[in-house]
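# What the coordinates show
Here is what each chain is made of, one letter per residue.
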Amino acid sequence: MSLARRPLNLWLRTIEKRRLRTGTPAALRRALETQARLFFHPPRGTQYQTTEWGGVTCVEAIVQGAVAERVLLYIHGGGFVFGSPDTHRAMAAHLARRIGARAVLPRYRLAPESPFPAAPDDIRAVWDALIAGGVAPRDIVLGGDSAGGALAFGLIASLCAEGAAQPGAVFGLSPLTDLTFSGESFRSNAGCDVLLPAERAVELSKLFLQNYPADAPCISPLFGGFVGAPPAWITVGDTEILADDARALEARLRAQGVAATLQVERDLPHVWPLFHNVLPEARRTIETLAAWIRQQQRWEF
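Just so we're clear, the structure is a prediction, and the values are computed from it rather than from any experiment.

Glancing now at the overall build of the protein chain. A count of helices and strands for the protein chain gives nine helices and eight strands. Against the 2.2 N^0.38 benchmark of 19 Å for 301 residues, the protein chain shows a C-alpha radius of gyration of 17 Å, consistent with a compact globule. A principal-axis box enclosing the C-alpha atoms of the protein chain has dimensions of 45 × 40 × 35 Å. Distance between charge centres in the protein chain, computed from 31 positive and 29 negative side chains, equals 6 Å.

Here we come to the nonpolar core. Counting 99 residues, the largest nonpolar core has Leu 72, Leu 95, Phe 171, Leu 179, Phe 208, Leu 253 and Ile 293 as the members making the most contacts within it. The dominant element in this core, judged by the number of residues it contributes, is helix H5 (residues 147–162), at 10 residues. Setting aside residues no more than four positions away along its own chain, Leu 72 makes contact with Ala 92, Leu 95, Ala 96, Ile 99, Ala 101, Arg 102, Ala 103, Val 104, Val 141 and Phe 171.

As a further point, take the environment of Leu 179. The residue Leu 179 is located in the loop between strand E6 (169–173) and helix H6 (185–188) in this model. By relative accessible area, which is 4% here, Leu 179 ends up buried. Spatially, the C-alpha atom of Leu 179 lies 8.1 Å from that of Val 202, the residues being 23 residues apart in sequence. Beyond its immediate chain neighbours, meaning those up to four positions away, Leu 179 contacts Phe 80, Ser 205, Phe 208, Leu 209, Ala 214, Ile 219 and Ser 220.

All right, on to helix H8 (residues 243–255) then. End to end, H8 covers 19 Å across 13 residues, agreeing with the expected 18 Å (1.5 Å per residue, within 8%). Those residues of H8 not exposed but buried are Ala 243, Asp 244, Asp 245, Ala 246, Leu 249, Glu 250 and Leu 253. Looking one or two residues past H8, Gly 257 carries a phi angle of roughly 85°, positive in sign.

It is worth spelling out empty space enclosed by the protein at this point. With the rule as written, the count across this model stands at one cavity of 30 Å³ or more. Here the largest cavity defines a volume of roughly 70 Å³. For the lining of the largest cavity, the secondary structure elements donating two or more residues are helix H3 (85–99), E6 and helix H9 (280–297). By residue class, the composition of the lining of the largest cavity is nine nonpolar, one polar and no charged.

Here we come to the packing of H3 against H9. Helix packing geometry: the angle between the two helix axes and the distance between the axes. Running from N to C, H3 and H9 point in directions that differ by 45°, and their axes come no closer than 9 Å. With respect to H9, the element H3 is oriented oblique. Considering only the axes of H3 and H9, their crossing is right-handed. Together, Met 91, His 94, Leu 95, Arg 98 and Ile 99 of H3 and Ile 286, Glu 287, Leu 289, Ala 290, Ile 293 and Arg 294 of H9 make up the contact between the two elements.

Attention now moves to the sheet that holds strand E1 (residues 47–53). Reading across from one edge, E1-E2-E4-E3-E5-E6-E7-E8 is the order of the eight strands in this open sheet, with mixed pairing throughout. Bordering the open sheet on either side are E1 and strand E8 (260–265), each of which pairs with just one other strand. Going from strand to strand, the sheet's axes swing by 20° on average, the running direction of each strand aside. For strand E3 (residues 71–75) and strand E4 (residues 102–106), the ladder comprises three bridges, and the chain directions are parallel. Counted as the bridge partner of Val 71 is Arg 102 from E4. Docked against the sheet, helix H4 (residues 118–132) engages E1, strand E2 (56–62), E3, E4 and strand E5 (140–145), running at close to 170° with respect to E3.

What follows covers the pairing of strand E7 (residues 232–237). Each regular strand shows side chains that alternate between the opposite faces of the sheet. Extensive coverage of E7 is indicated by the burial of six of its six residues. Alternating residues of E7 divide into Ala 232, Ile 234 and Val 236 and Trp 233, Thr 235 and Gly 237, and every residue in both groups is buried. In terms of strand pairing, E6 meets E7 through four bridges, oriented parallel. Bridging from a neighbouring strand, Phe 171 pairs with Trp 233 of E7.

Further remarks concern the layout of surface pockets. Here the largest pocket defines a volume of roughly 680 Å³. Leu 20, Phe 82, Leu 195, Leu 196 and His 270 are, among the 37 residues lining the largest pocket, the residues nearest its centre. Sorting the residues of the lining of the largest pocket by element identifies helix H1 (5–22), helix H2 (25–39) and helix H7 (198–209) as the ones contributing at least two each. Per-element tally for the lining of the largest pocket: the top contributor is H1, with six residues.

What counts as what
- Residues numbered from 1 in each chain as written.
- Predicted model: local features only at pLDDT ≥ 70, side-chain atom pairs only at ≥ 80, totals over all residues.
- Heavy atoms only, no water.
- Helix = DSSP H or I, 4+ residues; strand = E, 2+ residues; numbered from the N terminus.
- Rg over C-alpha atoms; globule rule 2.2 N^0.38 Å.
- Lys, Arg positive; Asp, Glu negative; His and termini not counted.
- Charge placed at Lys NZ, Arg CZ, Asp CG, Glu CD.
- Core = buried A, V, L, I, M, F, W, Y, C linked by side-chain atoms within 4.5 Å.
- Buried < 20%, exposed > 50% of the residue type's maximum accessible area, 1.4 Å probe, protein only.
- Contact = heavy atoms within 4.5 Å.
- Expected span 1.5 Å × (residues − 1).
- 1 Å grid on protein atoms, 1.4 Å probe; cavity = no way out; pocket = protein on both sides within 12 Å on 5 of 7 lines; lining within 4 Å.
- Points joined across faces, edges and corners; volume = space filled by probe spheres on them.
- Nonpolar A, V, L, I, M, F, W, Y, C, P; charged D, E, K, R; others polar.
- Axes fitted to C-alpha atoms, helices over the stretch in contact; angles between N-to-C directions.
- Parallel < 35°, antiparallel > 145°, perpendicular 65-115°, else oblique.
- Left-handed = near helix turned anticlockwise from the far one by under 90°.
- Pairing = 2+ DSSP bridges.

Okay, structure coming up:
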């Protein structure tokens, strides 16, 4: 483990976890946007542009060496109530740079202003528009972190249910996969998770669901069907409250014949690849994921 891990975990526990316990959605949005501008930087030469796919505004990260036909469709996390393409575009750009793709990050609608089904509807609209625009499904890599992981694997479950074309690969970084919060780690890791307060996760999910069933596969993919799904790669920290979300999803994928890879890392915070500018483990995870994507897609770089 790197020397940076302990001070990062201490800062997250003492400052950010407290903010997540008490902050309003507006305050959480402001804080993460500010931190992203200060601390999360893309590879040199990255250019951002605003586009629209399926009526949904997106941020595209164009990196050096990107092949236009390759798309990284990345869905940001934030408990369905905060986060944006602006907070996650630097991390997505680092991954895109390593796979030679352009990254597309949807600015999907957030709760409580736009509760379910706004977010999954927006993600589906972007997916459909990319395909209609001439991008081959096989040339899209789909991924997301936390709540964005729920939306990514939820889209896969929906496509499987319809027998529709699939992306070439899918991945999740500390994905939320079960909005019923049935995993044992949601309780057993509540004290050791340095970032996510379990009680607030339940509260934010209620803002999003607005009495809609929490086990709907499009937002709780643990309850979805995955026959015919593409290869999947998942990573999570062993001290996260969502550790069992990742483990259970990997088991479900494998049980339905999907080639699934799970990497459980020791004592790393929720969605640690966001901290790629300061944390060596974050950079290693991005490199490992990129190598897996290149292998699955047979992309030369």
